[in-house]
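Listed below are the residues making up each chain.
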Amino acid sequence: PVLFHYTGAEKLALILTSQRLWLSPYSAMRDPRENNTWRPSLAYGEQLDPHSFDAQALWDDLDAAVRQRAKLVCFTMDRPEHTYSFSGTSRGWARARMWEQYAERHRGAVLIFDQEKLDEVVTTQIEGRVHKGPVRYLDGQWTMDAFRGLTVEDLLERGCVAVADEIIEQHGDDLYFEKDVDWATEFEYRYITVSEADHEEVEALPALRAIVLGMDYPDHEVAVLRYRLSNCGLPDDFPVARCRWSNGHPMLVPAFAPRPKP
């Protein structure tokens, strides 16, 4: 299987120049479920004076430890084909809305990675535990089960970071992989880790298998793309195509003009 990563033209140049992918803050995601502060229920015993602690401060500290420390990189997968599908529209590179939203209105590109190799690259290069897998899409209220049984006493005694680390260790595979059903057409696959760094990065080019350029990818960028690929140590025949649309149907055509024969 392969994974597809949509990006803009400038970011593609940066990825090829640095030969790295970045895991960016989870809090910068577009989904309000992910970019807004989490405030789980906080239970406390009868012995604790409700005026002796600042619930808002505890929420802020816990949110910083669980949500704001998370870093991720996102991909899309091929979707299952249906009898009504046009040939090719189930492919990860053929998502009209994702070209619009994540690849600068067809001016960007899609990087295609070997999933097995990318799993290996990410999990071996990131120091902390990596949570990976497809996103699950829910129709309804988010229950925040990972925080069930959380008490104010525990947060005050052990500290929010220690409690957060335990929650992430036990529930991270669920905590960061649930989105509203409205995003379901993205068929997202993601890698997430938790760290104190502003971002994490991995040398991902060993897992890169092909690039698809958008139909409006800048001509001046096409002119230097071969040079960038060569600098990355990729062969002259590395697969690079352009996504064209004919009567609403996506198709791949060669991105480069043939090299002149000697």
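Fair warning: this is a prediction, and the values are worked out from it, not measured in the lab.

Re the packing of helix 3 (residues 55-66) against helix 7 (residues 160-175)
One way to put it is that helix 3 packs onto helix 7 with a least axis distance of 9 Å and a crossing angle of 55 degrees. Taken together, the axes of helix 3 and helix 7 are oblique relative to one another. Helix-helix and strand crossings are classified by hand; for helix 3 and helix 7 the assignment is right-handed. Contact residues: helix 3 offers Leu58, Asp61, Leu62, Ala65 and Val66, while helix 7 offers Cys160, Val161, Ala164, Ile168 and Leu175. Split into classes, the residues belonging to the contact of helix 3 with helix 7 amount to 9 nonpolar, no polar and 1 charged.

Concerning helix 1 (residues 9-18)
Each turn of an α-helix holds 3.6 residues, which means side chains three or four residues apart point in the same direction. Those residues of helix 1 not exposed but buried are Ala9, Leu12, Ala13, Ile15, Leu16 and Ser18. Residues of helix 1 that are buried make contact with strand 1 (2-7), strand 2 (21-25), strand 4 (109-114), strand 10 (208-213) and helix 8 (219-231). In the stretch just after helix 1, Gln19 is the one whose phi turns positive, near 60 degrees.

Considering the side chain of Lys179
Position of Lys179 among the secondary structure elements: in strand 7 (residues 178-180). In this structure Lys179 comes out as buried when scored by relative accessible area, which is 2%.

About the cut-offs
- Residues numbered from 1 in each chain as written.
- Predicted model: local features only at pLDDT ≥ 70, side-chain atom pairs only at ≥ 80, totals over all residues.
- Heavy atoms only, no water.
- Axes fitted to C-alpha atoms, helices over the stretch in contact; angles between N-to-C directions.
- Helix = DSSP H or I, 4+ residues; strand = E, 2+ residues; numbered from the N terminus.
- Parallel < 35°, antiparallel > 145°, perpendicular 65-115°, else oblique.
- Left-handed = near helix turned anticlockwise from the far one by under 90°.
- Contact = heavy atoms within 4.5 Å.
- Nonpolar A, V, L, I, M, F, W, Y, C, P; charged D, E, K, R; others polar.
- Buried < 20%, exposed > 50% of the residue type's maximum accessible area, 1.4 Å probe, protein only.

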